[in-house]
Amino acid sequence: MGELRRDPIVGRWVIVETETPLIPEMFEKEEHRWRGNECPFCYGNEDKTPPEIEAMRDPKTKPNTPGWQVRVVPNKFPALQIEGNIDRRGLGIYDMSSGIGAHEVIIQSPYHHKEIPDLLDEEVQNIIKMCCRRAGDLKNDKRFKYILLFKNYGPSAGASLEHPHIQLIALPMIPKNPAEEILGALEYFEFRERCLFCDMLRQEMQEKTRIVADNMYFIAFCPFVSRFAFEIWILPKVHHSFYCDMSPAEVAGLAKILKDVLLRLRLMLADPAYNFIIHTSPINQDGELSHYHWHIEIIPKLTRVAGFEWGTGFYIVSTPPELAAKYLREAEVKEGGNQDVGKSRD
Ligand SMILES: [Zn+2]
Ligand SMILES: [Zn+2]
Ligand SMILES: [Zn+2]
């Protein structure tokens, strides 16, 4: 028997497996198998990517040479093209538009084998700062309405290159998932005159059962209406609708909690593949929204979406978020650096 829970943001229902939940040992482990070709994102291979858009680099070095800490390049196989006009047209009942957008790759660091949990706090801060710099730049392009930042980790999460990177896509429309969240949050705000996410934050801080990690500026928790086992959200404690309005102290707080949470996932679930996405307010619209609150959603790839989910839009979550949070809190995280996969699993 499960428990039905309704998401207060978009109204989605999930079934939480409360009686026979899956615990970390029970998920199928997936080896990350890579093709092992020469890596275009490594130091010294700068000429193997399209020319860089921007980089944090030693001022004595030239673009497209070594000497960088974070490097941004256009995606070699972009989903959307940067040049051109948005030509919207109809084909009978169908709406179409030319595929205009920006598709960039943020190479997190020169280290091929260091993911976010293995980097220094400062290095993670640099990645966050670069994400914001790019978003700040693309915001000036009036053709775009939304900037999506996301990460695919592991081949089964859709990553095609092993070298740690984040992707950025600027879109000429607001995509459906954030649009639905923004609308749901607006309805809540009009009714209660409060931000739904700020309310969620207060309740999670009070109940504490779903919290994974917490610092002065951010909270990480397994949402009450998780869609996936071990889903984690990171929410800023100060209300902002756009993720780039962070102070340096907030950037440091985000770097710390992101490192911590990704390390806990790695330790507790033997380095699972995952996606993370940043949900934020649109650009070139009304500016700061009091009803929407930006956040990061981290979704480990532990189970597959099956017919029931496709057929209903319901999700079946095999581990209650309260139990997932307990496991993640109890992962043995040691300060400072490289920890082997699955160490705390015995
Ligand atoms: Zn590499
Ligand atoms: Zn808020
Ligand atoms: Zn969201």
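Provided above is the structure to which this section pertains.
In this text, all values refer to a predicted model and were calculated from it rather than measured experimentally. (Residues numbered from 1 in each chain as written. Chains lettered and ligands numbered in written order. Predicted model: local features only at pLDDT ≥ 70, side-chain atom pairs only at ≥ 80, totals over all residues. Heavy atoms only, no water.)

**Student:** Give a detailed account of the sheet that holds strand β7 (residues 102–107), specifying residues and quantitative values.
**Tutor:** Taken in spatial order, the ten strands make up an open sheet running β3-β4-β7-β9-β8-β13-β14-β12-β11-β10, and their pairing is antiparallel. In this open sheet, the two edge strands, each paired with only one partner strand, are β3 (54–57) and β10 (211–214). Neighbouring strand axes in the sheet, compared pairwise and without regard to direction, differ in orientation by 15° on average. Pairing analysis gives four bridges linking β3 to strand β4 (residues 68–74), with the strands arranged antiparallel. Across the sheet, Arg57 pairs through a bridge with Trp68, a residue of β4. In the packing of helix α2 (residues 176–192) onto the sheet, the strands contacted are β8 (146–153), β13 (274–279) and β14 (295–300), and the crossing angle to β13 comes to about 50°. (Pairing = 2+ DSSP bridges. Helix = DSSP H or I, 4+ residues; strand = E, 2+ residues; numbered from the N terminus. Axes fitted to C-alpha atoms, helices over the stretch in contact; angles between N-to-C directions. Contact = heavy atoms within 4.5 Å.)

**Student:** So, the pattern of salt bridges: which residues are in play, and what are the values?
**Tutor:** The tally for this structure, following the rule as stated, stands at 27 salt bridges. Measuring nitrogen to oxygen at the nearest pair gives 2.9 Å for the salt bridge that ties Arg5 to Glu3. Among the residues examined, Arg5 registers a relative accessible area of 6% and is labelled buried. With a relative accessible area of 33%, Glu3 lands in the partly exposed category. A network of salt bridges, in which partner residues are shared, links Glu3, Arg5, Glu204, Glu207, Arg210 and Glu322. (Salt bridge = Lys/Arg side-chain N within 4 Å of Asp/Glu carboxyl O. Buried < 20%, exposed > 50% of the residue type's maximum accessible area, 1.4 Å probe, protein only.)

**Student:** Requested: an account of the coordination of the zinc ion (ligand 1), with residues and values cited.
**Tutor:** Here the zinc ion (ligand 1) is held by the protein donor atoms Cys39 (SG), Cys42 (SG), His112 (ND1) and His163 (ND1), which lie 1.9 to 2.3 Å from it. Classification of the site at the zinc ion (ligand 1) rests on its four donor atoms, whose angles at the metal span 105 to 116°, yielding the label tetrahedral. In primary-sequence terms, the residues that donate to the zinc ion (ligand 1) follow C-x2-C-x69-H-x50-H. Separated by 124 residues along the polypeptide, Cys39 in the loop between β2 (13–17) and β3 and His163 in the loop between β8 and β9 (165–171) bring together distant segments of the chain. What makes Cys39 buried here is its relative accessible area of 9%. (Donors = N, O, S within 2.8 Å, 3.2 Å for Na, K, Ca; no water. Tetrahedral: all angles 85-135°; square planar, octahedral: opposite > 155°, others 65-115°.)

**Student:** Lay out the sheet that holds β2 in plain terms, naming residues and giving numbers.
**Tutor:** Reading across the sheet, the three strands line up as β1-β2-β15 and stay open at both edges, with mixed pairing between neighbours. Edge positions in the open sheet fall to β1 (2–6) and β15 (315–317), since each of these has one partner strand only. The sheet shows a mean angle of 25° between the axes of neighbouring strands, taken without regard to direction. Of the pairings in the sheet, the one linking β1 to β2 comprises five bridges and is antiparallel in character. In the sheet register, Gly2 faces β2, and the bridge partner there is Glu17.

**Student:** Can you break down the coordination of the zinc ion (ligand 3) residue by residue, with the values?
**Tutor:** Surrounding the zinc ion (ligand 3) are the protein donor atoms Glu181 (OE), Glu181 (OE), His279 (ND1), His295 (NE2) and Glu297 (OE), at 1.9 to 2.6 Å. Donor residues for the zinc ion (ligand 3) sit on one chain with the sequence pattern E-x97-H-x15-H-x1-E. A residue pair is termed long-range when its members are at least 10 positions apart, and His279 in strand β13 and His295 in strand β14 qualify at 16 residues. The exposure class of His279 is buried, given its relative accessible area of 5%. Using a relative accessible area of 0% as the deciding quantity, one classes His295 as buried.

**Student:** A description of the side chain of Glu104 should follow, citing residues and the corresponding values.
**Tutor:** As for its placement among the helices and strands, Glu104 is situated in strand β7. Judged by its relative accessible area of 5%, Glu104 falls in the buried class. Within the structure, Glu104 has its side chain in polar contact with the side chain of Arg134 (distance 2.7 Å). Leaving out residues up to four positions away in the same chain, Glu104 has contacts with Ile53, Val72, Val73, Pro74, Asn75, Arg134, Leu138, Ile166, Gln167 and Leu168. (Polar contact = N/O pair within 3.5 Å; in protein donor to acceptor, adjacent residues only side chain to side chain.)

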